[in-house]
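Fold and geometry: a report
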Protein chains: 2
Amino acid sequence: MQTFVYIVMKNRRITLKDLAKDLNLSASTISRALDNHPAISDATKKKVRQKAEELGFIPNSIASSFRTKKTKSIGIIVPRIDIHFHSLVISGIENYAYKNGYNVTIFQSKDSLKREKEITKILQNRMVDGIIICLSIETEKCDHFKKFNKLGVPMVFYDRVPTDFDANKVVINDFESAFTATEHLIKKGCKRIGHIAGNQKTNIFKARLEGFKAALEKYKLPIDKNLILYTKNLGYEEGVTCAKKYLQLPKLPDGVFCANDYTAVSVIQVFRKQGIKIPHDAAIVGFSNYPISKIIEPNLTTVNDCAFQMGESSAKLLIRHIEDKDDFINSESITIRTELIVRESTK
Amino acid sequence: MQTFVYIVMKNRRITLKDLAKDLNLSASTISRALDNHPAISDATKKKVRQKAEELGFIPNSIASSFRTKKTKSIGIIVPRIDIHFHSLVISGIENYAYKNGYNVTIFQSKDSLKREKEITKILQNRMVDGIIICLSIETEKCDHFKKFNKLGVPMVFYDRVPTDFDANKVVINDFESAFTATEHLIKKGCKRIGHIAGNQKTNIFKARLEGFKAALEKYKLPIDKNLILYTKNLGYEEGVTCAKKYLQLPKLPDGVFCANDYTAVSVIQVFRKQGIKIPHDAAIVGFSNYPISKIIEPNLTTVNDCAFQMGESSAKLLIRHIEDKDDFINSESITIRTELIVRESTK
DNA sequence: AATAGTTATGCAAACGTTTGCATAACTATT
DNA sequence: AATAGTTATGCAAACGTTTGCATAACTATT
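What follows is about the overall build of chain A. Check the secondary structure of chain A and you find twelve helices and twelve strands. Against the compact-globule benchmark of 20 Å for 347 residues, chain A has a radius of gyration of 27 Å, which places it well outside the compact range. Dimensions of chain A, computed from C-alpha atoms along their principal axes, come out at roughly 90 × 65 × 40 Å. Considering chain A as a whole, with its 347 residues, one finds that 53% of them fall into the buried category. Summed over its atoms, the accessible surface of chain A is roughly 16900 Å², and 51% of this surface lies on carbon and sulfur atoms. Here chain A contributes 54 positive and 39 negative side-chain charges, whose respective centroids are spaced 3 Å apart.

By nearness alone, 28 residues border DNA strand D, and Thr29(A), Arg32(A), Leu16(B), Ser31(B) and Arg67(B) come closest of all. Sugar and phosphate atoms form 53% of the subset of DNA strand D atoms that lie within 4 Å of the protein. Between Ser28(A) and DNA strand D, the recorded distance is 2.9 Å, taken from a side-chain N or O atom to a base nitrogen. Between Asn60(B) and DNA strand D, the recorded distance is 3.3 Å, taken from a backbone N or O atom to a phosphate oxygen. Among the elements of the structure, helix H2 (27-34) and helix H4 (61-68) of chain A together with helix H1 (16-23), helix H2 (27-34) and helix H4 (61-68) of chain B are those that each provide at least two residues to the surface near DNA strand D. For the surface near DNA strand D, the leading source of residues is H4(B), giving five residues. Of the residues contributing to the surface near DNA strand D, the split by class is ten nonpolar, twelve polar and six charged.

Next up on the list: the packing of helix H10 (residues 236-248) of chain B against helix H11 (residues 261-273) of chain B. All names here are of chain B. Interhelical geometry of H10 versus H11 gives an angle of 45° and a closest axis separation of 8 Å. When the axes of H10 and H11 are compared, the pair comes out oblique. Note on packing geometry: the crossing formed by H10 with H11 is right-handed. Residues Tyr 236, Gly 239, Val 240, Ala 243, Lys 244, Tyr 246 and Leu 247 of H10 pack against Tyr 262, Thr 263, Val 265, Ser 266, Val 267, Gln 269, Val 270 and Phe 271 of H11. Broken down by class, the residue content of the contact of H10 with H11 amounts to ten nonpolar, four polar and one charged.

Taken together, the contacts link 55 residues of chain B with 55 residues of chain A. Together, the buried faces of chain B and chain A total about 5200 Å²; carbon and sulfur atoms form 55% of this surface. The largest share of the area that chain B buries against chain A comes from Tyr98(B), Arg126(B) and Ile295(B), three residues that together contribute 14% of it. Scanning the region where chain B abuts chain A turns up four salt bridges. One salt bridge connects Arg115(A) with Glu94(B), and the closest N-O pair in it is separated by 3.2 Å. The tally of links between chain B and chain A comes to 25 residue pairs in polar contact (both at pLDDT 80 or more). Breaking the side of chain B that touches chain A down by element, the ones donating at least two residues are H4, helix H5 (84-99), strand E2 (103-108), helix H6 (113-126), helix H7 (146-151) and H11 of chain B.

Below, the discussion takes up the relation of the copies chain B and chain A. At an RMSD of 0.1 Å, chain B and chain A line up after a rotation of 180° and a shift of 0.0 Å along the axis. The transformation just described matches what one would write down for a two-fold rotation axis. By C-alpha distance to the rotation axis, the residue of chain B lying nearest is Thr105(B), at 2.1 Å. With an isologous cut-off of 70% or more, the 100% of interface residues of chain B that recur at the interface of chain A puts this contact in the isologous class.

This part covers the sheet that holds strand E6 (residues 193-197) of chain B. Residue and element names in this part refer to chain B. What the four strands build is an open sheet, ordered E7-E6-E8-E9; its pairing is parallel. The sheet is open, and its two edges are formed by strand E7 (228-230) and strand E9 (283-285), each paired on a single side. Averaged over all pairs of adjacent strands, the angle between strand axes in this sheet comes to 15°, irrespective of strand direction. By the bridge criterion, three bridges tie E6 to E7 in an arrangement that is parallel. What sits directly across from Ala 197, in E7, is Tyr 230. Docked against the sheet, helix H9 (residues 203-218) engages E6, E7 and strand E8 (255-258), running at close to 170° with respect to E6.

As a structural note, the neighbourhood of DNA strand C is formed by 28 residues, with Leu16(A), Ser31(A), Arg67(A), Thr29(B) and Arg32(B) the closest of them. Of what DNA strand C places within 4 Å of the protein, 53% of the atoms are sugar or phosphate. Within the backbone of Leu16(A), one N or O atom sits 2.6 Å away from a phosphate oxygen of DNA strand C. At 3.3 Å, a backbone N or O of Asn60(A) approaches a phosphate oxygen of DNA strand C. Those elements that place two or more of their residues in the surface near DNA strand C are helix H1 (16-23), H2 and H4 of chain A together with H2 and H4 of chain B. In terms of residue count, the dominant contributor to the surface near DNA strand C is H4(A) (five residues). Its residues placed into classes, the surface near DNA strand C shows ten nonpolar, twelve polar and six charged.

Let us now look at the pattern of salt bridges. Residues and elements named next belong to chain B. Taken as a whole and assessed by the stated rule, the structure comprises 26 salt bridges over all chains. One salt bridge connects Asp 22 with Lys 51, and the closest N-O pair in it is separated by 3.2 Å. Placement of the pair is Asp 22 in helix H1 and Lys 51 in helix H3 (residues 42-55), with a sequence separation of 29 residues. For Asp 22, a relative accessible area of 45% translates into the label partly exposed.

The next point concerns the pairing of strand E8 (residues 255-258) of chain A. Residues and elements named next belong to chain A. Of the two faces of E8, the one lined by Gly 255 and Phe 257 and the one lined by Val 256 and Cys 258 are each fully buried. Bridging between strand E6 (residues 193-197) and E8 involves four bridges; their strand directions are parallel. In the strand pairing of E8, Ile 196 is matched with Cys 258. In terms of strand pairing, E8 meets strand E9 (residues 283-285) through three bridges, oriented parallel. Its bridge partner being in E9, Phe 257 is matched across the sheet by Val 285. Note on the crossover from E8 through helix H11 (residues 261-273) to E9: the handedness is right-handed.

Moving on, we get to the packing of helix H8 (residues 174-187) of chain A against helix H9 (residues 203-218) of chain A. All names here are of chain A. Running from amino to carboxyl end, H8 crosses H9 at an angle of 40°, the nearest separation of the two axes being 7 Å. One element, H8, and the other, H9, form an angle in the oblique class. The two elements H8 and H9 meet at a crossing, and its hand is right-handed. Contact with H8, carried on its side by Asp 174, Phe 175, Ala 178, Phe 179, Thr 182, Glu 183 and Ile 186, involves Ile 204, Ala 207, Arg 208, Glu 210, Gly 211, Phe 212, Ala 214, Ala 215, Leu 216 and Lys 218 of H9 and no other residues of that element. Across the contact of H8 with H9, the residue classes break down as ten nonpolar, two polar and five charged.

A separate point is helix H3 (residues 42-55) of chain A. Residues and elements named next belong to chain A. Relative to the 20 Å expected for 14 residues at 1.5 Å per residue, H3 spans 20 Å between its end C-alpha atoms, a close match to the ideal helical length. Every buried residue of H3 is listed here: Thr 44, Lys 45, Val 48, Lys 51 and Ala 52. Each buried residue of H3 sits inside an arc of 140° when the element is viewed along its axis, so together they form one side. Exposed residues pointing more than 90 degrees away from the buried face of H3 are listed as Asp 42, Ala 43, Lys 46, Gln 50, Glu 53 and Glu 54. Considering only its buried residues, H3 is in contact with H1 and H2. Gly 56 sits one or two residues past H3 and shows a positive phi near 65°.

What counts and what doesn't
- Residue numbers here run from 1 along each chain, matching the order of that chain's written sequence.
- Whichever chain is written first is A, and whichever ligand is written first is 1; the rest continue in order.
- Given that the model is predicted, a residue must reach a pLDDT of at least 70 before its local features are reported, and side-chain atom pairs must reach 80 or more before they are shown or counted; all residues, however, enter totals for whole chains, interfaces and linings.
- Think of the side-chain values as coming from all heavy atoms in the structure, minus any hydrogens and water.
- Each helix corresponds to a stretch of at least 4 residues labelled H or I by DSSP, and each strand to a stretch of at least 2 residues labelled E; elements are numbered beginning at the N terminus.
- Radius of gyration: over C-alpha atoms. The globule rule applied is 2.2 Å multiplied by the number of residues raised to the 0.38 power.
- To sort residues, take the accessible area from a 1.4 Å probe on protein chains only and compare it with the maximum for the residue type: under 20% means buried, over 50% means exposed, and anything in between is partly exposed.
- Only the protein chains shown count as cover for residues, and all accessible areas are computed by the Shrake-Rupley method using a 1.4 Å probe.
- Working convention for charge: Lys and Arg count positive, Asp and Glu count negative, and His plus the chain ends are omitted.
- To locate a charge, the coordinates of NZ of Lys, CZ of Arg, CG of Asp or CD of Glu are taken.
- One heavy atom within 4 Å of a molecule or strand makes the whole residue count as near it.
- The term polar contact refers here to a pair of N or O atoms within 3.5 Å; inside protein, the definition further demands a hydrogen-donor-capable atom paired with an acceptor-capable atom, and it admits residues adjacent in sequence only when both atoms are side-chain atoms.
- Three classes are used, and their members are as follows: Ala, Val, Leu, Ile, Met, Phe, Trp, Tyr, Cys and Pro are nonpolar, Asp, Glu, Lys and Arg are charged, and the others, Gly among them, are polar.
- Lines fitted to C-alpha atoms define the axes here, with helix axes fitted over just the stretch in contact, and angles between the N-to-C directions of these axes take values from 0 to 180 degrees.
- Geometric relationships in this document are graded by angle, where less than 35 degrees denotes roughly parallel, more than 145 denotes roughly antiparallel, 65 to 115 denotes roughly perpendicular, and other angles denote oblique.
- Left-handed describes a crossing whose near helix is turned anticlockwise from the far helix through less than a right angle; right-handed describes the clockwise counterpart.
- Contacts are assigned to residue pairs with any non-hydrogen atoms lying within 4.5 Å of each other.
- Here's the idea: put two parts together, see how much 1.4 Å probe accessible area each one loses, and the total over both is what we call buried area.
- Counted as salt bridges are all cases of a side-chain nitrogen of Lys or Arg within 4 Å of a carboxyl oxygen of Asp or Glu.
- Superposing the copies works by least squares over the C-alpha atoms of residues that have pLDDT at least 70 in both of them.
- Between any two strands, pairing holds if DSSP finds at least two bridges.
- When the strands point away from the viewer and the path from the first strand over the helix to the second turns clockwise, the crossover is right-handed.
- How far a helix is expected to stretch is found by multiplying one less than its residue total by 1.5 Å.
- Note that the arc is computed from the directions linking the helix axis to the C-beta atoms.

Structure, rendered in structure tokens:
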């Protein structure tokens, strides 16, 4: 009796040395030829490229990174990937990075400071060339990011950015966007305007509230504390609770600016169930231009926060800092233009 | 006049050799000590760990990868990151990978075969340990993935998987899920059930249509061709078009099983505008359990496709294949359990 | 006291690329 | 014909880790 064992041979990868031996050239010449180095003759370049193609040579970028100390990869830390805003930002980052020969490694902090700190350690030994970060909600001090300054690894923060140290930032102008959104309600004739606010520990939501107030002040409308409701996470259910609070007031608001679309949608639904006509009795504005804003009836007027562009700009800024080693720029701050998308909920 | 130029010194990274010199030990001992190798005495391990901590030693994982040929990183190719389904899958992958010391590098094929092919080249020279893929819509032949078999780099496909070669797969049972969804409508008393189908070039949507038909057959209901409508991308607008087609029929369907939630939502909205009561006059079932299914009124009955679990299972399967070099398993196929979430649109 | 076994450490090479410097073999200039 | 300049290539070292093998310095056994 005989037993045959077939062993599937894994192909050993072709290296520069293999090509060199095959062509009777040195590895340095091969390396330079493939890199299109001017010192190498065209004839040699052609020969080398042909042979590389023929033998299926694939450069080992780990070896290259090891030698050059450049990994051509950037790390991203987001609270959660499955939040639509972040997935759009990541998409924008990937898109720009891909075009420029970088790739992106993603980490979720899950809004945990502990995990965020762990991730910075991993990124440090992974030797990424740069990092894009949206801070976890728990993060107040950013000391764990300072090591990257020392190591010369550029960082760009977006959306939730540090306040305690000087960093590259890509943000929108929440104050102004909120101002514009509120102004829009005022121009539509609203006099009693409410606001559903986000967590006031987060600067973004603080700025939206401030922008809201500033618009009322500009147009000499009173700021009624009963019309400003606070939430923890701007969740759909919290929006329902807020809307019900409005219903219990002796007089309803005739307009509501919500700090995100989920709460805006819940206000629309709760109000409509009570027979309140939107926008006739109350006009509603959201924030973020979530897909649902185009589906809810009536369609929701909202602020497009241009998440994809935010991602692209972050990647662009980061890669510029990686590649221009201009030590005189300490930090840059970019503000992305937002736009108010007017739909039926305020028409 | 004097000019001072301050140059910010970048800290040179501490290496094993630095530690070795400092402690009068060899680099090999340091390496083994930090790796908790049994041959090293506890006293030495302690000394080494202390010194490593003191000098802020961070292992250079690029050097390590270079030496060991393991990068502890996995590549992911998805059509688009900002599609909620994929962002959930990625979240599941990242979560499992993180717990197991792997990190994930993401690429978007943008549903382009050309870009998918480019990405496989990048992944090849990036030396990832394994790859998770959802095929682009254009991909019919998978030859560009075969090189990874030769290189011994395991792959796992999810959702859109190859049919032309033997591969590890993680999928849901679309046939059965569609069958169950349709059966649910039948048990609720529907007799004239419609289906809004996805692109029939995609196996998933073919299977959903088949499952739909099989359920009707089992319960001896007629399959009415006029009630089966085909779409290209199952987009919201296409759903609106389909719903309007139903309205033009001499007799409306009393139940519709839609191949995704967007089309289901549009049917609900179009029908309601015509005064058709849901679920009383027509019950609606969707597919995928998108966030909107909990918000639309009435809340949508839908199939939870367990995207997060799909991601986790893909990562688990992949990492098992990376770590157990069991050459006798050629491929594995995993089917994730789905569940029908019954909400008001069929109650 | 000689031998065998154990414990803890070091040597040296290797992974595949890149790059400063050297140099051989030309060509152009006087 | 001598010199200077140019072109094309190779040498050798380096990046920071890991690991098979060797071995020094013990301890235990006869």
